[in-house]
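Structural overview
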Amino acid sequence: MKFKKSVPIILAALALSATLIGCSGGATSSGSQTTDSSVTATANASPEDIAAKIKESVTLTDMQPLSESDISSMYGIDLNDVTAFAGEIDSTGLRTDEFLIIEAKNNESADRILTKMNEAKNYNPEGYATVQKSPVAKKGNYVYLFFSEDADTMVNILNENVK
């Protein structure tokens, strides 16, 4: 007898669940999450994501990550100009392998960072040939330095991920 009384309640609960599930498709109205492909297609990758793609594509051995204090002391970059960054440097001191990708807060910040990175390029006498043919450049608010024999590959990866 109890089973007959619970059947309509179970059916009502299933119908309500199906209605709620069916109405929840697509982007959420709360704004907490969006799946609009036009937003992600034009968004730039973070410096960390670009660095990860570089490390997947280029063989870099004995590298150590650069810290905030490194970019401040080694390059003279004001951290107030930086939104995000990623970079690594050869930890052995035997090679000139080094890369640094910085997302600046704005165009003026990017210009200041570019100036500091160019000064660093001129200061590195150890791997002069590699350093002189390696790019230090700006794309939008992204500023990058790639001291490596694989600099062209690194630039291509950055260009694919920064529009």
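Everything quoted here is computed from the prediction, not taken from an experiment.

Right, let's get into the sheet that holds strand 3 (residues 98-104). Read across the open sheet, the 5 strands follow the order 1-2-3-5-4; overall the sheet is antiparallel. The open sheet has two edge strands with one neighbour each: strand 1 (63-65) and strand 4 (136-139). On average, adjacent strands in this sheet sit at an angle of 15° to one another, irrespective of strand direction. Both strand 2 (residues 82-90) and strand 3 contribute to a ladder of 7 bridges, which runs antiparallel. In the sheet register, Phe85 faces strand 3, and the bridge partner there is Ile102. Across the sheet, helix 3 (residues 47-57) touches strand 2, strand 3 and strand 5 (142-147), and the angle it forms with strand 2 is around 25°. Taken strand by strand, helix 7 (residues 151-161) contacts strand 3, strand 4 and strand 5, and its axis lies near 160° from that of strand 5.

Time to look at the packing of helix 3 against helix 7. Two packed helices can be described by the angle between their axes and the distance between those axes. For the pair helix 3 and helix 7, interaxial distance at closest approach is 10 Å and the crossing angle is 140°. Classified by the angle their axes make, helix 3 and helix 7 are oblique. Relative to helix 7, the crossing made by helix 3 is right-handed. Contacts between helix 3 and helix 7 involve Ile50, Lys53, Ile54 and Ser57 from the first element and Met154, Ile157, Leu158 and Asn161 from the second. The class makeup of the residues in the contact of helix 3 with helix 7 is 5 nonpolar, 2 polar and 1 charged.

What follows is about the side chain of Ser109. Relative to the helices and strands, Ser109 resides in helix 5 (residues 107-123). Once residues lying within four places of it in the same chain are set aside, the contact partners of Ser109 are Asp81 and Ala104.

Criteria and cut-off values
- Residues numbered from 1 in each chain as written.
- Predicted model: local features only at pLDDT ≥ 70, side-chain atom pairs only at ≥ 80, totals over all residues.
- Heavy atoms only, no water.
- Pairing = 2+ DSSP bridges.
- Helix = DSSP H or I, 4+ residues; strand = E, 2+ residues; numbered from the N terminus.
- Axes fitted to C-alpha atoms, helices over the stretch in contact; angles between N-to-C directions.
- Contact = heavy atoms within 4.5 Å.
- Parallel < 35°, antiparallel > 145°, perpendicular 65-115°, else oblique.
- Left-handed = near helix turned anticlockwise from the far one by under 90°.
- Nonpolar A, V, L, I, M, F, W, Y, C, P; charged D, E, K, R; others polar.

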